[in-house]
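Results of the structural survey
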Amino acid sequence: TEKAPPGTRELGLWLLVVTTIAVYAWYFWRAATLGPAGAGRVGTSFAAAVIILIVLQIVGQIVITVRNGRERTDERDRHIAMTATQNAYRVLTAGAWCALGVAALSLGAFWTIHALLLAVVLAELTRWTSQIFYYRAGA
């Protein structure tokens, strides 16, 4: 059976995944390289990462929507989104516990905050990749 090409919604999810991985990979590399001693530059890098991510995602979503048109949301979309959010919640909860572990090791606020930020990023990536999976699987 041949799969249908990805629609606007799925392409938008791919955009979120790819841009988030690219931007946060750069940010976490930069933060790890600078460490707590470079907190000011890390803060600037974080602000830059957020701005770049927002611009990339807005422009990308506009391009995808203009090229492919809008899709109506139906019950299947809502079910997929809900199930994906449940998956993301599990990742976020595990990540929050790991961040508490970093805090318990007394590694400092810098690393604890970054462990928590990583948990949030991984949870969002889990949500979006779950949705892609469910769309591809025909859920």
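Conventions we followed
- Residues numbered from 1 in each chain as written.
- Predicted model: local features only at pLDDT ≥ 70, side-chain atom pairs only at ≥ 80, totals over all residues.
- Heavy atoms only, no water.
- Helix = DSSP H or I, 4+ residues; strand = E, 2+ residues; numbered from the N terminus.
- Contact = heavy atoms within 4.5 Å.
- Salt bridge = Lys/Arg side-chain N within 4 Å of Asp/Glu carboxyl O.
- Core = buried A, V, L, I, M, F, W, Y, C linked by side-chain atoms within 4.5 Å.
- Buried < 20%, exposed > 50% of the residue type's maximum accessible area, 1.4 Å probe, protein only.
- 1 Å grid on protein atoms, 1.4 Å probe; cavity = no way out; pocket = protein on both sides within 12 Å on 5 of 7 lines; lining within 4 Å.
- Points joined across faces, edges and corners; volume = space filled by probe spheres on them.
- Nonpolar A, V, L, I, M, F, W, Y, C, P; charged D, E, K, R; others polar.
- Expected span 1.5 Å × (residues − 1).
- Phe/Tyr/Trp six-rings, centres within 6.5 Å; stacked < 30°, edge-to-face > 60°.

**A look at the side chain of Gln131**
- By secondary structure assignment, the location of Gln131 is in helix H4 (residues 109-137).
- Once residues within four sequence positions are removed from consideration, Gln131 is found in contact with Leu13, Ile80, Ala81 and Ala84.

**Some points on the pattern of salt bridges**
- Within this structure, the stated rule accounts for 5 salt bridges.
- In this structure, the salt-bridge partner of Arg127 is Glu124, at a minimum N-O distance of 2.6 Å. Of the two residues, Arg127 and Glu124 both sit in helix H4, 3 residues apart, roughly one turn of that helix.

**What to know about the nonpolar core**
- Ranked by size, the top nonpolar core spans 21 residues in total, and within it Tyr24 and Tyr27 carry the most contacts.
- Breaking this core down by element, the ones donating at least two residues are helix H1 (8-34), helix H2 (39-68) and H4.
- By residue number, the principal contributor to this core is H1, which donates 9 residues.
- Setting aside chain neighbours within four positions, we find Tyr27 in contact with Val42, Ser45, Phe46, Ala49, His114 and Leu117.

**Notes on the layout of surface pockets**
- Considered as a void within the structure, the largest pocket measures approximately 340 Å³ in volume.
- What lines the largest pocket is a set of 16 residues, among which Thr8, Arg9, Gly12, Gln61 and Thr73 lie closest to the centre.
- Considering each element in turn, the lining of the largest pocket owes the most residues, 5 residues, to H1.
- Grouping the constituent residues of the lining of the largest pocket by class yields 5 nonpolar, 6 polar and 5 charged.

**Details of H1**
- Taking 1.5 Å of rise per residue, the 27 residues of H1 would be expected to cover 39 Å, and the 39 Å separating its terminal C-alpha atoms lies within 8% of that figure.
- Trailing H1 by a residue or two, Gly35 shows a phi angle of about 65 degrees, which is positive.

**Here's the deal with the packing of aromatic side chains**
- Inspection of every chain in the model, using the stated rule, returns 6 aromatic pairs.
- Pairing Tyr24 with Tyr27 gives two aromatic rings, centres 6.4 Å apart and planes at 90 degrees, and the pair type is edge-to-face. Of this pair, Tyr24 and Tyr27 both sit in helix H1, 3 residues apart, which is roughly one turn of that helix.
- The buried category is assigned to Tyr27, whose relative accessible area is 3%.
- With 5.5 Å between their ring centres and 65 degrees between their planes, Tyr27 and Phe46 make a pair best called edge-to-face. With Tyr27 in helix H1 and Phe46 in helix H2, the pair connects residues that are 19 residues apart, well separated along the chain.
- Looking at Phe46, the relative accessible area reads 31%, which means it is partly exposed.
- Taken together, the ring pairs in this structure connect Tyr24, Tyr27, Phe28 and Phe46 into an aromatic cluster.

**Here's the deal with the side chain of Ser45**
- By the element assignment, Ser45 lies in helix H2.
- Among residues more than four places away in sequence, those in contact with Ser45 are Trp26, Tyr27 and Arg30.

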